[in-house]
Structure formats: C-alpha cells, structure tokens
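A look at the structure
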Amino acid sequence: RIGDNTSKAADLAKTVDKKINKLMEKQQEITNMIRSLHDKNYIQVLYKVYVQFKTIKQAAVEMKRSYTYTLELHKKALAEFEVAYADILAI
C-alpha cells in the first residue's frame, strides 16, 4: 500500500513537471511573439501585463505614464498583436 502511494506520488510529480515545462515553453513563445512587435511601448506594456502579470496600473507607474495613456496603449498593442498573429489566434 505504501508502495502504491509512492508510485502515485511519483506519477503525479511527473505530470506536474510536464505541465510546468509546457507552461514555461508557452510563456517563452508568448514572450517572443510580444518582442516581435515593432513598437517598443507596445512590447513594454504587453510584457509587463502578460509575462510579468502586472496590472495596467502597475505598468503605468513603472513606465512613468498616466493610467489613461497606458490603458489606451494597451488596447492599441493588443490590436497590433491580434493583427500580427491573426492566423494563430483564429485556432
């Protein structure tokens, strides 16, 4: 019985490791996609929000911009991202 539990725990650990690795690969893929945009401000705001998991308000403070400006910048950056990766996002 202890052996069964140990085996189940090992299997669970392998599953968790695989999922973590997949998430890390996805994060790297998304980071590369963001960095391929042409506007450095778009890159900066999207990176802060979607890779560093910061709020738009936190991004605004760090970028030394107003919240309203950063919100608008975020909208424009998302629109450009959607155009650039329309084929991938359509899936």
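Structure: above.
Presented here is an overview of the structure given in this document. For clarity, every value in this text was computed on a predicted model and none was experimentally measured. (Residues numbered from 1 in each chain as written. Predicted model: local features only at pLDDT ≥ 70, side-chain atom pairs only at ≥ 80, totals over all residues. Heavy atoms only, no water.)

**Concerning the nonpolar core**
Among the nonpolar cores identified, the biggest contains 15 residues, and V45, L46 and F81 are the most heavily contacted of them. At the level of secondary structure, the elements contributing two or more residues to this core comprise α1 (2-35), α2 (40-50), α3 (56-63) and α4 (67-84). Counting residues per element, this core draws most heavily on α2, at 4 residues. (Core = buried A, V, L, I, M, F, W, Y, C linked by side-chain atoms within 4.5 Å. Buried < 20%, exposed > 50% of the residue type's maximum accessible area, 1.4 Å probe, protein only. Helix = DSSP H or I, 4+ residues; strand = E, 2+ residues; numbered from the N terminus.)

**Side note on the packing of aromatic side chains**
Counted according to the given criterion, the structure contains 1 aromatic pair. When the centroid spacing of 5.0 Å and the interplanar angle of 45 degrees are considered together, the rings of F81 and Y85 count as tilted. Like F81, the residue Y85 is buried in the burial classification. The ring of Y67 carries the charged tip of K57 above its face, separated from the ring centre by 6.0 Å. (Phe/Tyr/Trp six-rings, centres within 6.5 Å; stacked < 30°, edge-to-face > 60°. Lys NZ or Arg CZ within 6 Å of the ring centre and 35° of its normal.)

**Thoughts on α3**
Along α3, the residues that are buried comprise I56, A59, A60 and M63. Looking down the long axis of α3, one finds its buried residues gathered within 105 degrees of arc, a one-sided arrangement. Pointing more than 90 degrees away from the buried face of α3 are the exposed residues K57 and V61. Residues of α3 that are buried in the fold lie against α2 and α4. Of the residues flanking the end of α3, it is K64, one or two places downstream, whose phi is positive at about 60 degrees. (Arc of directions from axis to C-beta. Contact = heavy atoms within 4.5 Å.)

**Thoughts on the side chain of T70**
Residue placement: T70 occurs in helix α4. There is a polar contact of 2.8 Å between the side chain of T70 and the backbone oxygen of S66. Other than its neighbours up to four places away in sequence, T70 contacts V45, I56, A59, A60 and R65. (Polar contact = N/O pair within 3.5 Å; in protein donor to acceptor, adjacent residues only side chain to side chain.)

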